[in-house]
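Tertiary structure, described
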Amino acid sequence: MIDSKYILVSILAGVFTKLYDDINDNELLIEYKKNKFLTEILKGLTIISITGLSLQYPLYFLTLFLVVIIQYLVDKTGPYKDPYEKSLLVSMLFMFLLFDYKKLNSNKLWSSIQDFSKPRNTIVLIIIAIIGLSIFEGRMMKQEVSYAKLYTRIIYIIYCMIVIYILPETFDGIKLLCYYLIGYFTVSIIIQYKSLETLHQPNHPVKL
């Protein structure tokens, strides 16, 4: 059973991450980008929340790190282009010196990897799906604002809910990553919807 405070922190970590990301990349939010206090607060809260969760749940960090690295390598939309985002790829490596590897429970992990006859116990299938969705979006959706991205992220949230509530034997670290993604994609859906609404106004200078 995951303590509710960690669930809340994980959701908020996703919210902070996506808010910073969209403020920097979505031209409709350019006014917020000028607020340096806001962007620095979002960066600080993101780092603190993810670090805290990673120390408590190493599997959460390892899976997130794997997703970030793969996205950096294959995403053609140009993520991690500003100095802060690039620095995360390096600074995240420092976490490997800090957390308790005993919390990974290697025997249980290995048993789960071997037991493909029971998908709800199989961590590999879940990780592959999360990474696969990330690669698909990076390769196929190059527009910052689009209906395809809006609908895809709704599907992501449904998938995360399935992992959390229908696959109850999933490791806590993976569940927390799904809570992070729920926070991340909820913000994305709201901003995508509002951006599409704005872009379809007759007199708006920026068009899809």
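Residues numbered from 1 in each chain as written. Predicted model: local features only at pLDDT ≥ 70, side-chain atom pairs only at ≥ 80, totals over all residues. Heavy atoms only, no water.

**Some points on the nonpolar core**
Counting 39 residues, the largest nonpolar core has Tyr60, Leu64, Leu176 and Tyr180 as its most contacted members. Secondary structure elements with two or more residues in this core: α1 (4-25), α3 (36-56), α4 (58-74), α8 (147-165) and α9 (172-199). With near-sequence residues (within four places) excluded, Leu176 lies in contact with Ile2, Tyr6, Ile7, Ser10, Leu53, Tyr57 and Tyr60. (Core = buried A, V, L, I, M, F, W, Y, C linked by side-chain atoms within 4.5 Å. Buried < 20%, exposed > 50% of the residue type's maximum accessible area, 1.4 Å probe, protein only. Helix = DSSP H or I, 4+ residues; strand = E, 2+ residues; numbered from the N terminus. Contact = heavy atoms within 4.5 Å.)

**Some words on α3**
With 21 residues, α3 extends 31 Å from end C-alpha to end C-alpha; this agrees with the ideal 30 Å at 1.5 Å per step. Taken together, the buried positions of α3 are occupied by Thr39, Leu42, Lys43, Thr46, Ser49, Ile50, Leu53 and Ser54. The buried residues of α3 occupy an angular sector of 145° when the element is viewed end-on, so they sit on one face. Exposed side of α3, more than 90 degrees from the buried face: Lys36, Phe37 and Ile48 are the residues found there. Tucked into the core, α3 has its buried residues touching α1, α2 (30-33), α4, α5 (83-91) and α9. At the N-terminal boundary of α3, the capping side chain belongs to Asn35, with an oxygen 3.3 Å from the backbone nitrogen of Phe37. (Expected span 1.5 Å × (residues − 1). Arc of directions from axis to C-beta. Polar contact = N/O pair within 3.5 Å; in protein donor to acceptor, adjacent residues only side chain to side chain.)

**Some words on the confidence of the model for the protein chain**
On average, residues of the protein chain score 79 in pLDDT, and 73% of them are at 70 or above. Averaged pLDDT values over the elements of the protein chain bottom out at 48 in helix α6 (residues 106-114) and peak at 94 in α1. In this model residues 110-117 is a low-confidence stretch, pLDDT under 50, and it forms eleven contacts with partners more than four residues away in sequence or in other chains. (pLDDT = per-residue confidence, 0-100.)

**Here we look at α4**
With 17 residues, α4 ought to run about 24 Å at 1.5 Å a step, and its terminal C-alpha atoms sit 24 Å apart, in line with that. Buried within α4 are the following residues: Pro58, Leu59, Tyr60, Phe61, Thr63, Leu64, Phe65, Val67, Val68 and Val74.

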